[in-house]
Structures are given as C-alpha cells and as structure tokens.
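Here is how the chains run, residue by residue.
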Amino acid sequence: MDLLALADFNLVARHGGFRKASRAAGRPKATLSRRVAELEASLELRLFERGARVLKLTEEGRALFERTGQLLTELDETAAAIASGGHSPRGRLRISAPLLFSQTAMGKLAAGFALKFPDVRLEVTTEDRSVDMIEEAYDLVIRVNPERDESLIGRIFLHDQLVVVASPKLAPPVDESAAPAVVRGQGREAEAWEVTTATGKARIAVNPILSLASLVMVRDAARMGVGAARLPISLVSHDLADGTLVRWGDVEGPEIALWALYPSRRLLSARVSAFLEHLKEAFPQGTPDELAAYLGR
C-alpha cells in the first residue's frame, strides 16, 4: 500500500473534504484527489461517497481511517522524536472535558501542562455530550461515569460524591413537607432525594423551584438560601468548612468517577501519555479532598 496516498486519504478524511484539506496542507486539491483515487483503485474499494456538496466516508473508508489515522500520527511523532534526538511530546492535543470540570479545574491543568510541554498545542473543548473521538479528531476525552465503549480504553483519575447541602438559613423539612430545591436542568414538579445521614437513611421531599444550567450556578444559588441542592462534595467542601452551607446528607447511588478515555490503540501517543501523567501528578490519590484542595488553591 502506498503510504503517501494513505496519508493523503487521512488528510482529506480528517478535514472532511478535498478543498479544506488542500487549504490546511497548502497542496493542490487536484493532487489530493488523484492520490485518493489511486488508493481506491489499488484497494478496489470506494472510500468516499462524492455528492455535489458533500464528501462522506463510506463504511470501508471509515474503517480504514479509524485503523490508520493514529498509526500515521505515531509514525510522524517517532520520526520527529528521532530527528530531534529526544522523545519530548509535540504537536496538537485535542481534549474534550465536561462542563463542571472545565469550569473549575481545567484551566489550571491546561496551563500547567502548557508550561511543562511548550511544544504541544493543547486545545480543550467543553461539552457534556458523548463525542465521537475518531470522527471529531479528539485525542482524549474526560467523562463522568461514561457508558461502556469497546472502542475506547481509559482509567479513572478522580472520584467524587454527591451530597445534599443548603444554607444554614434553610431548615430541613419535617414530616412529609417538601423543601425548596435548586436543580440543574429541567426540574420536575415533585421529587425526593434518598440520602444517608448520621442517624441512618432518609428521604427528603423536595420542590424544584429554580432550574439552572450548571452546577456552579446551582451552588451559588444554594449559598443565597434559595433552596437545597445536590452537588459534588468537592465543589462545596470549602463552603461546608466555613459554614456557608450545611450538609443534609450523602446521596444514595453510584459513585461519581471521572475517566480519561482514549482510542484503543496498541501504541499511545507521547502527548496523551504526558497528559495522563499530568493528571496523575495533580490527583495522585484521586480523592474528592484532593480535587477540593486543587480547586481551592
């Protein structure tokens, strides 16, 4: 197989078209088109569906892109490392991280990484949706309790715990009365939170009166005494310590785990390996207290 043609195919697939790939690489569009056509002829496969305005990978093209894209990147990195006489990470590193982690910790993490590895161009996007790492060209994603995906591997680097908190001005409900609550997203008319307290398990009836888009906003509203809130303990640890908020109980349910995920490849890029090590250095034990301390610095 012609590696140059394969590299041109990956370039076009990554940019989603011949014109964009041509502009990005500074090479003639006709040359890229010819190279891809030659690769299709040698493989006797159609790799792209060519429409009037849309260029789309075929099933075979997608499979080839997924299996060869990272390999070609690793070859480039190896050649660059040998040429430079070392193995320092370099090149672009694209990361997708969830909203709360990005708002509270990712700025410090990204800055620290950039200072350690100035040859890496780090790009971080913030979104809670499950991105397609291959199609959207992400090198690593950070997710909270992700669903199982056999195409990805990864590791847990942080643990957290949900707690119910409220301002000291707001008394816990008695009997079957409902407490006002601040929730993230669309709140239901009536809801109950199952918690564990110092005296055992309890059920807190709540009435969501305020729905906000982020947990940072939820925390700030809870500080004002608007209502109780379910929040990660790392986000409210300092509030609990200084009495701005009080703890009504620990939420029953699965543990919160933050995962760093990357494509299941035999070889891991130096950039991804370096960022994974950076996470380990920032959170060596991966506990909520470590995250709270990191956010408080």
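Placed above this text is the structure.
Residues numbered from 1 in each chain as written. Predicted model: local features only at pLDDT ≥ 70, side-chain atom pairs only at ≥ 80, totals over all residues. Heavy atoms only, no water.

> Provide a residue-level description of the pattern of salt bridges, including the pertinent values.
Tallied over the entire structure, the rule returns 19 salt bridges. The salt bridge partner of Asp 8 is Arg 27, with a shortest N-O separation of 2.5 Å. Here the residue Asp 8 occupies a position in helix H1 (residues 3–15), and Arg 27 occupies one in the loop between helix H2 (18–25) and helix H3 (29–43), the gap between them amounting to 19 residues. Overlapping salt bridges bring together Arg 92, Arg 94, Arg 121 and Glu 123 as one network. (Salt bridge = Lys/Arg side-chain N within 4 Å of Asp/Glu carboxyl O. Helix = DSSP H or I, 4+ residues; strand = E, 2+ residues; numbered from the N terminus.)

> Quick one: what's the story with the pairing of strand E3 (residues 91–97), residue by residue and with numbers?
Regular strands show a simple pattern: their side chains alternate between the two faces of the sheet. Among the seven residues that make up E3, five are buried, leaving the element largely enclosed by the rest of the structure. Relative to strand E4 (residues 120–126), E3 runs parallel, the two being bridged by seven bridges. From the neighbouring strand, Leu 93 faces E4, where its bridge partner is Leu 122. The β-α-β motif built from E3, the intervening helix H5 (residues 99–116) and the parallel element E4 has right-handed crossover chirality. Bridging between E3 and strand E5 (residues 140–144) involves two bridges; their strand directions are parallel. Paired with Ser 96 across the bridge in E5 is Val 141. (Buried < 20%, exposed > 50% of the residue type's maximum accessible area, 1.4 Å probe, protein only. Pairing = 2+ DSSP bridges. Right-handed = clockwise from strand over helix to strand, strands pointing away.)

> Would you mind going over the sheet that holds E3 in detail, with residue names and values included?
With respect to topology, five strands assemble into an open sheet ordered E4-E3-E5-E13-E6, the strand pairing being mixed. Of all strands in the sheet, those bounded by a partner on one side alone are E4 and strand E6 (152–160). Recorded for the sheet is a direction-independent mean angle of 20° between the axes of neighbouring strands. (Axes fitted to C-alpha atoms, helices over the stretch in contact; angles between N-to-C directions.)

> Pulling in residues and values, what's your account of the nonpolar core?
Residues Phe 101, Phe 157 and Phe 283 are the most contacted members of the largest nonpolar core, which totals 27 residues. The set of elements that each furnish at least two residues to this core consists of E3, H5, E5, E6, strand E13 (256–263), helix H8 (270–282) and helix H9 (288–296). At six residues, the largest contribution of residues to this core is made by H8. Look past the residues within four positions of Phe 157 in its chain and what remains in contact with it is Phe 101, Ile 142, Leu 258, Trp 259, Ala 260, Leu 279, Phe 283 and Gly 286. Core analysis: the second largest hydrophobic core is formed by 18 residues, Phe 9, Val 36, Leu 47 and Leu 72 among them. (Core = buried A, V, L, I, M, F, W, Y, C linked by side-chain atoms within 4.5 Å. Contact = heavy atoms within 4.5 Å.)

> Break down a positive patch on the surface for me, with residues and values.
A cluster of basic residues, Arg 19, Lys 20, Arg 23 and Lys 29, forms a positive patch at the surface. Per element, the largest residue contribution to the positive patch is three residues, and it comes from H2. Residue placement: Lys 29 occurs in helix H3. Overall, Lys 29 belongs to the partly exposed group, its relative accessible area being 39%. (Patch = residues over 30% accessible without salt bridge, like charges linked within 9 Å, V, L, I, M, F, W, Y side chains within 5 Å. Areas by Shrake-Rupley, 256 points an atom, 1.4 Å probe, with all protein chains shown as cover. Lys, Arg positive; Asp, Glu negative; His and termini not counted. Charge placed at Lys NZ, Arg CZ, Asp CG, Glu CD.)

> I'd like to hear about the packing of H1 against H2, residue by residue, with values.
Where H1 meets H2, the axes come as close as 8 Å, and the angle between the chain directions of the two elements is 110°. As the angle between them shows, H1 and H2 are arranged roughly perpendicular. In contact with Leu 11, Val 12 and His 15 of H1, H2 contributes Phe 18, Lys 20, Ala 21, Ala 24 and Ala 25. Of the residues in the contact of H1 with H2, the class split is six nonpolar, one polar and one charged. (Parallel < 35°, antiparallel > 145°, perpendicular 65-115°, else oblique. Nonpolar A, V, L, I, M, F, W, Y, C, P; charged D, E, K, R; others polar.)

> Outline the packing of H1 against H3, listing residues and values.
Contact geometry for H1 and H3: axes closest at 8 Å, N-to-C directions at 115°. As for the relative orientation of H1 and H3, their crossing is left-handed in sense. Residues Leu 4, Ala 5, Leu 6, Asp 8, Phe 9, Leu 11 and Val 12 of H1 lie in contact with H3, whose contacting residues are Leu 32, Arg 35, Val 36 and Leu 39. Class assignment for the residues of the contact of H1 with H3 results in nine nonpolar, no polar and two charged. (Left-handed = near helix turned anticlockwise from the far one by under 90°.)

> Provide a residue-level description of the packing of aromatic side chains, including the pertinent values.
Two descriptors summarise a pair of aromatic rings, namely the distance from one centre to the other and the angle between the planes of the rings. A full pass over the atoms with the stated rule returns seven aromatic pairs. For the pair Phe 113 and Phe 117, a centre-to-centre distance of 4.9 Å together with 45° between the ring planes defines the contact as tilted. In this structure Phe 113 comes out as buried when scored by relative accessible area, which is 0%. Relative to Phe 275, the ring of Phe 113 has its centre 5.2 Å away and its plane inclined at 65°; by these criteria the two rings are edge-to-face. Remark: Phe 275 occurs in helix H8 and Phe 113 occurs in helix H5; sequence separation between them is 162 residues. Using a relative accessible area of 0% as the deciding quantity, one classes Phe 275 as buried. Among the aromatic side chains, those forming a connected cluster through ring pairs are Phe 101, Phe 157, Phe 283 and Tyr 294. In this structure, Arg 94 is placed above the aromatic ring of Tyr 138, and the distance from its NZ or CZ to the ring centre is 4.3 Å. Lying over the aromatic face of Tyr 294, Lys 108 brings its terminal NZ or CZ to 5.7 Å of the ring centre. (Phe/Tyr/Trp six-rings, centres within 6.5 Å; stacked < 30°, edge-to-face > 60°. Lys NZ or Arg CZ within 6 Å of the ring centre and 35° of its normal.)

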